[in-house]
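# Results of the structural survey
One-letter residues, chain by chain:
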There are 2 protein chains.
Amino acid sequence: MRTATRLFAPVSKAERFVPKLGSYPKGYVVGGIHCGVKKNKDALDLAMLHNVSGNPSVASAVFTTNKFKAAPVQISSKLIKEKNGQINSIIVNSGNANAVTGTQGLKDAQDMIRVTDAVLENTEDSTLVMSTGVIGQNLPIDNILQGIPRLGLSNLGASHDHWLACAQAICTTDTFPKLVSKQFEIKGKTYSMAGLAKGAGMICPNMATLLGFFATDAPVTQNALNQIVKYAVDRSFNSISVDGDMSTNDTIVAIANGAAGGDLIDASTETAEEFSILRAEVTDFAQQLAKLVVRDGEGATKFITIKVTDALSYREAKEVASTIANSSLFKTAMFGNDANWGRILCAVGYADVGSNSVNPQRTTVSFIPSDGSEPLPLLVNGEPEQVDEARASEILKEEDLEVQISLGTGGGQEATFWTCDLTHEYVTINADYRS
Amino acid sequence: MRTATRLFAPVSKAERFVPKLGSYPKGYVVGGIHCGVKKNKDALDLAMLHNVSGNPSVASAVFTTNKFKAAPVQISSKLIKEKNGQINSIIVNSGNANAVTGTQGLKDAQDMIRVTDAVLENTEDSTLVMSTGVIGQNLPIDNILQGIPRLGLSNLGASHDHWLACAQAICTTDTFPKLVSKQFEIKGKTYSMAGLAKGAGMICPNMATLLGFFATDAPVTQNALNQIVKYAVDRSFNSISVDGDMSTNDTIVAIANGAAGGDLIDASTETAEEFSILRAEVTDFAQQLAKLVVRDGEGATKFITIKVTDALSYREAKEVASTIANSSLFKTAMFGNDANWGRILCAVGYADVGSNSVNPQRTTVSFIPSDGSEPLPLLVNGEPEQVDEARASEILKEEDLEVQISLGTGGGQEATFWTCDLTHEYVTINADYRS
């Protein structure tokens, strides 16, 4: 195990993280084409998902809380609410975020929905729309509206290649498409789930945008799906950080069509066990997808898991983990393979939690090696350890690292957060020497 | 004016920002020596201030809110409270922060106070103690306790050189000592104020520590001084950011001995005008000192002023300004001379303020050139401007830049924040390639 990461390291991230095959949910067709938003004619820029199961599908979404919401966010969040989740399709363009584009932007987003619904013979307003890319410029809407029938009528399918094209078509500056699929069982019945995301690519005048959607053929009510998605996104896409910035376009959508059969899963007590299994499966799935976004963080050389334990609440555990994950001092120390527990402690100390939520005399900080070998304690019950620097350096040289912090409150609650290091490459990418 | 910054640029920051002379307050002696905390024998590491006016002096302090408080912070904050501000001296060591040092650390901090009081013939517990430097290691306390009489009995004075030595002795990785002095008038009476600070130097396993103290010969009550210092620190040391991290040792102290005479300034209505003038003078002074800390931010090539106007409250204006100042995307764009209003808008949008505290349709973003020429609007009432890129590039190439954001709420409140850019040099310094 020890040398596995090192052996793999020279291989590109695309080789390592893009699947060669998958097991996809029943009753969906997907695809991606180039329609002319991006200049490069080989770059896919229009993605679609369509529920063709014959069953009605339900969707649930989490949108950015940024006060500057892009037009597709404004339109999609309104639509999913009005339709009570009765969504049959998703249309996404990359290359232009349709953000800060005024009334024309809203009209363009509406038109993308209208044309998609017509082409796919949906009832009106059954499509969610997303956009990612440059902000402050209007969409080349004619290219998109001409692309939609071409994609919807001739380029959708259920194969691995269709899913991969769909994942590619939502990318902007991502270095690889992020696609995950899996099968899981609930009470002997097998279901599938597949999804894709785009990550933290920000080239001027873009902003970081996190987009993703995933689909399952499990049967679930709108109410149950809402609860599951909120829980899962809290613990996945809302538990990752590349640089702490949150975009105008961030959107995650889950859709379920029940095409694999089985009893409808509700949030009621009768299906409590099924609900609980599905929630765990969706959370695990969303974490897999979210972690790929961190893997592809701009300039990232390290994948860092931050686990905060023994907090008074999940919320506070997450707040502390998030504060560490966003500390530039911590992130540069990780880039430098520097076992600097002081910077971790410092971030714990200024996290926005209650005055009794951290017990300085009981706080413990350890590195957990990625090869499963013994943890390395750095601080135990508030007292610095004599750290074996050679061992610390060995652990830190691995691509993957886990930092564990026990807050010593006796509360027993925990949370996990994922982040990457802050590197020269990050500065180079984002300084974007235009001038 | 235009080329002034460029002409000065090749000159070192020390040449540009360290004064050659000053006007110092009456009734204080100060100094700095090498006592043996730092390895380099030429590096000053022990600083002292002593009120020798014969008047009792009052002090007011603001301490870090980090939950991991260094021993000197724990001791000094308790002492100043118990003594109701009756403080006669300050003792500071650099090179070791006396943080995460357990009961020995508390004893060492107490001993520094005890020996200083004895040497200076103060009544007991009349000294505040501060430390900055490495964390997790006990102080070389014998060296310090032997240094205190040498400093206190033979190396204090009121000259410019004494003040400069004092400023040098609190530095760690600062590239220049930060010393400011000024005279001001209240109702025809002339007073002086002088002070020093150390900034954001973080070399492993140090943490960023902001320390500073300033002294005036104006006559002011403890109660009035507390109010003035809180107001001034909010608008100066608490309105700057290098990387958003807050240390275990941050401490700012103000001391006043009334040695220049005049009527005692209280917070009562009788002296409301004097109070108001003094508060403005102290705020301006603290801002000068705080700005020097930003000038010396690690790896900084730019000094950026962020002014948020037309907010619903001062607190919200400051929260928005602080969010922009801490955005890695914004800071790298500034390093890259990139007029990326999208990143500014994005940070405004996720600032932790109320849902009606930003009006997206009325938000305006402009660059204010440092040479006093016409502002360059980037976004007006939520609509992107056609930006003259050549002009933007010209403005951004200057070392100093102001970004102004109007939130368009109609509230009319404003706040100013100072920060620097995020550079390759920052990553290099903080990655600290130990391994």
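Computed from a predicted model, the values in this text were never measured in an experiment.

## Focus on the interface of chain A and chain B
- Taken together, the contact pairs 61 residues of chain A with 61 residues of chain B.
- Both sides together, the interface formed by chain A and chain B hides about 4900 Å², and carbon and sulfur atoms give 60% of it.
- One can count zero salt bridges joining chain A with chain B.
- One can count 11 residue pairs in polar contact (both at pLDDT 80 or more) joining chain A with chain B.
- Looking at the side of chain A that touches chain B, the elements that each hand over two or more residues are helix H10 (328–335), helix H11 (341–350), strand S14 (383–384), helix H12 (389–397) and helix H13 (424–431) of chain A.

## Looking at the relation of the copies chain A and chain B
- The transformation that overlays chain A on chain B combines an axial shift of 0.0 Å with a rotation of 180°, and the residual RMSD is 0.0 Å. Look at the turn and shift together and you get a two-fold axis relating the two. Considering only C-alpha atoms, the residue of chain A closest to the rotation axis is His424 of chain A, which sits at 2.8 Å.
- Looking at the interface residues of chain A, 98% of them are also at the interface in chain B, so both copies use one shared face.

## Things to note about the domain arrangement of chain A
Residues and elements named next belong to chain A.
- Domains assigned within chain A are domain 1 (13–296) and domain 2 (303–432).
- The C-alpha-based centres of domain 1 and domain 2 are spaced at 32 Å.
- Each side of the interface is counted separately: domain 1 has 18 residues, and domain 2 has 17 residues.
- The three residues of domain 1 that bury the most area against domain 2 are Ser239, Ser241 and Arg295, which together make up 31% of that side's buried surface.
- Connecting domain 1 to domain 2 are three salt bridges.

## Looking at the packing of aromatic side chains
All names here are of chain B.
- Counting across every chain of the model gives eight aromatic pairs over all chains.
- On the numbers, 5.2 Å between centres and 10° between planes, the contact of Tyr24 with Trp163 is stacked. Of this pair, Tyr24 sits in the loop between helix H2 (13–17) and strand S1 (28–33) while Trp163 is found in helix H6 (residues 160–168), placing the two residues 139 residues apart along the sequence. Across the pair, Trp163 and Tyr24 agree in class, each one buried.
- Across the ring face of Tyr231, the terminal group of Arg279 is positioned such that the distance to the ring centre comes to 3.7 Å.

## Here's the deal with the sheet that holds strand S10 (residues 251–256) of chain A
Residues and elements named next belong to chain A.
- Taking strand neighbours across the sheet as the criterion, the five strands line up as S3-S10-S8-S7-S6 in an open arrangement whose pairing is mixed. Unpaired on one side and paired on the other, strand S3 (58–63) and strand S6 (178–186) mark the two borders of the sheet. In this sheet, neighbouring strand axes are inclined to one another by 15° on average, regardless of whether the strands run parallel or antiparallel.
- Judged from the nine bridges that link them, S6 and strand S7 (residues 189–198) form a sheet pairing that is antiparallel. Counted as the bridge partner of Gln183 is Ser192 from S7.
- Lying over the sheet, helix H3 (residues 71–82) contacts S3 and S10, oriented at roughly 140° with respect to S3.
- Each of S3 and S10 touches helix H7 (residues 222–234); the most contacted strand, S3, lies at about 35° to it.

Reading the values: the criteria
Every chain is numbered independently, its residues counted from 1 as its sequence is written. Labels are handed out in written order, letters beginning with A for the chains and numbers beginning with 1 for the ligands. Residue-level local features of this predicted model are given only where pLDDT is at least 70; pairs of side-chain atoms are given and counted only at 80 or more, and the full residue set underlies all totals for whole chains, interfaces and linings. Just so you know, side-chain values use all the structure's heavy atoms and leave hydrogens and water out. The contact definition used throughout considers only heavy atoms, calling two residues in contact when any of these lie within 4.5 Å. Buried area is calculated as the accessible area (1.4 Å probe) missing from two parts once they are joined, with the contributions of both summed. We define a salt bridge as a side-chain nitrogen of Lys or Arg found within 4 Å of a carboxyl oxygen belonging to Asp or Glu. Side-chain atoms alone can form a polar contact between residues adjacent in sequence; in general such a contact is a pair of N or O atoms within 3.5 Å, and within protein one must be able to donate a hydrogen while the other accepts it. A run of H or I in DSSP becomes a helix once it reaches four residues, and a run of E becomes a strand once it reaches two; helices and strands are each numbered from the N terminus. When the copies are superposed, the least-squares fit draws on C-alpha atoms of residues that have pLDDT of at least 70 in both. Domain extents, as shown, originate in an automatic or database domain assignment. Two rings from Phe, Tyr or Trp (for Trp, the six-membered ring) form a pair when their centres are within 6.5 Å of each other. A pair whose planes differ by under 30 degrees is stacked, one over 60 is edge-to-face, and the rest are tilted. A simple rule labels every residue: compare its accessible area, found with a 1.4 Å probe on the protein chains alone, to the largest value its type can have, and call it buried under 20%, exposed over 50%, or partly exposed in between. Counted as over-ring charges are cases with an Arg CZ or a Lys NZ within 6 Å of the ring centre that also lie within 35 degrees of the ring normal. A strand pair is defined by DSSP finding two or more bridges across the two strands. Here an angle of 0 to 180 degrees is reported between the N-to-C directions of two axes, which are lines fitted to C-alpha atoms, with helices fitted over the stretch in contact.

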